[in-house]
Amino acid sequence: MGRKSIHSSQTDRLLAALREDAQAWRHGYALMKQTGLQSGTLYPILLRLCDQGLLEAQWREADKPGKPPRHVYRLTPAGLAFALRQVAPSRKRITSLREAKA
Amino acid sequence: MTDALRRRIANILMGHAAYVMPFRKMDWGKAMQNELEAIDDDRVALRWAFGCVIAGYSERLNALLQAWYARSALACLIALLALREFFAPLLIFAYRMKYPGLTHFLGLRTAGDDYHRLIPVLDATPAWLPVLWSAAGLLFLVALWRMLRRADGSVAPFFLAFGLDLVGLWAIQSVQASTGVVITPNPVVRAAGVLLTFSAGFLLWRMTRKRTLTAS
């Protein structure tokens, strides 16, 4: 028996952002700009996704010289499958709500 | 506030955020710290650093709450809360059933070390109030049992018990007002009791909430 999903709307936003161009590695700051999530919300979700094997993290050299290396993130295949399963229904819900309002 | 000061505060906060991250997540603390270097806007950097401090403490709390000693301490606290709920019903029962030895023994554990000053309250307390406190005590025990068994649903009985406790606290105020006897004279002690109970509930919620994202 599977466990009940407890994903939040913030997690959905992050998964939706990571799902777009799923092969690309992204920095935390870029994800913050893309999702509008604050770092205090973003990092606990990233940690949780990583702990569950849905996200992979790597150290990458900084683009600018003299800057320290940065963490980059992308979905694992399991994470991508999860994101497709989780985010799609909520988008459908939003679309249907918008249609209902219209 | 100047930009240089903002950046300085951000760096200090970021250092602290990395410091409070649990040992196993030190890498993430470093990652957050290095990310700050890539943020050019000092206002955004400061906001980022504040968020990272929250994230750091959140992770530290999560790690701490999984430790055996934290679970044991919380279990002891919930057990004490349950005992506290049973105390007043037992004292009222002992007094009304005329068990002087037990009444005296329990009276030594009240403010003032003597139950005699509480006699007007013991006489005036309506019968439903000890039942309410006993129900709260039982609910605390249910919450404790479920927590120790790592079963779902320990938070609801805890907060239900807390709610009953607050109703009891509110009801006893009118008894105290009508008799002119104050059970706990120090309001700080009363407030600390409520705060402690709420804090225990919050920690229980943090400890037992599901951290999985996996759907069925």
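Residues numbered from 1 in each chain as written. Chains lettered and ligands numbered in written order. Predicted model: local features only at pLDDT ≥ 70, side-chain atom pairs only at ≥ 80, totals over all residues.

1. Re the sheet that holds strand β3 (residues 70-75) of chain A
Residues and elements named next belong to chain A.
- Judged by pairing direction, the sheet is antiparallel, and its three strands sit side by side in the order β1-β3-β2 without closing on themselves. Two strands bound the open sheet, and with one partner strand each, they are β1 (26-27) and β2 (55-60).
- As defined by bridge partners, β2 adjoins β3 across six bridges and the pair is classed as antiparallel. Across the sheet, residue W59 finds its bridge partner in β3, namely H71. (Pairing = 2+ DSSP bridges. Helix = DSSP H or I, 4+ residues; strand = E, 2+ residues; numbered from the N terminus.)

2. Overview of the nonpolar core
- If you look at the biggest cluster of nonpolar residues, it comprises 38 residues, and the most contacted ones within it are B:M14, B:A17, B:A49 and B:C52.
- Elements with a minimum of two residues in this core: α1 (9-19), α2 (28-35), α3 (39-51), β3 and α4 (77-101) of chain A together with α1 (3-20), α2 (26-37) and α3 (42-65) of chain B.
- Among the elements that line this core, the one with the most residues is α3(B), at seven residues.
- Contact partners of B:A17, with chain neighbours within four places excluded, come to B:G29, B:M32, B:A49, B:C52, B:V53, B:A55 and B:G56.
- With 25 residues, the next largest nonpolar core counts B:I78, B:L122, B:F140 and B:L204 among its residues. (Core = buried A, V, L, I, M, F, W, Y, C linked by C-beta atoms within 7 Å. Buried ≥ 20, exposed ≤ 12 C-beta atoms within 10 Å, placed from the backbone. Contact = placed C-beta atoms within 7 Å.)

3. Overview of the confidence of the model for chain A
- For chain A, per-residue confidence averages 81 on the pLDDT scale, and 77% of positions sit at 70 or higher.
- Across residues 1-5 of chain A, where pLDDT falls below 50, the model places 10 contacts with residues more than four positions away in sequence or in other chains. (pLDDT = per-residue confidence, 0-100.)

4. Details of the confidence of the model for chain B
- Mean pLDDT over chain B: 89, with 97% of residues reaching 70 or higher.
- Interface confidence for the predicted complex, given as ipTM, is 0.75, next to a pTM of 0.69.

5. Section: unusual backbone geometry
- Look at A:D21: it is not a glycine, yet its phi comes out positive at around 55°.
- Looking at the element boundaries, A:D21 is found in the loop between α1 and β1.
- Phi is positive for B:R150, which is not a glycine, with a value near 55°.
- Residue position: B:R150 is located in the loop between α7 (128-148) and α8 (155-179).

6. Points about the packing of α3(A) against α3(B)
- Axis separation between α3(A) and α3(B) bottoms out at 7 Å; the angle between their running directions is 40°. As judged from the angle between their axes, α3(A) and α3(B) are oblique. For the element pair α3(A) and α3(B), the recorded crossing hand is right-handed. Where α3(A) abuts α3(B), its residues A:S39, A:G40, A:Y43, A:P44 and A:L47 lie against B:W48, B:G51, B:C52, B:I54, B:A55, B:S58 and B:E59.
- Taken together, the residues of the contact of α3(A) with α3(B) sort by class into seven nonpolar, four polar and one charged. (Axes fitted to C-alpha atoms, helices over the stretch in contact; angles between N-to-C directions. Parallel < 35°, antiparallel > 145°, perpendicular 65-115°, else oblique. Left-handed = near helix turned anticlockwise from the far one by under 90°. Nonpolar A, V, L, I, M, F, W, Y, C, P; charged D, E, K, R; others polar.)

7. Let's talk about α7(B)
- Taking 1.5 Å of rise per residue, 21 residues should cover 30 Å, and α7(B) covers 30 Å from first to last C-alpha, within 8% of that figure.
- Within two residues after α7(B), B:R150 carries a phi angle of roughly 55°, on the positive side. (Expected span 1.5 Å × (residues − 1).)

8. Structural notes on the pairing of β3(A)
- Of the strand pairs in this sheet, β1(A) and β3(A) are connected by two bridges, and their pairing is antiparallel. Within β3(A), the residue paired with A:H27 across the bridge is A:V72.

9. Quick look at the packing of α1(B) against α2(B)
Residues and elements named next belong to chain B.
- The geometry of α1 relative to α2 is characterised by a closest axis approach of 8 Å and an angle of 165° between their N-to-C directions. In terms of their interaxial angle, α1 and α2 are classed as roughly antiparallel. Read as a crossing pair, α1 and α2 show a hand that is right-handed. Residues A10, M14, A17 and A18 of α1 pack against G29, K30, M32, Q33 and L36 of α2.
- The residue makeup of the contact of α1 with α2, split by class, is six nonpolar, two polar and one charged.

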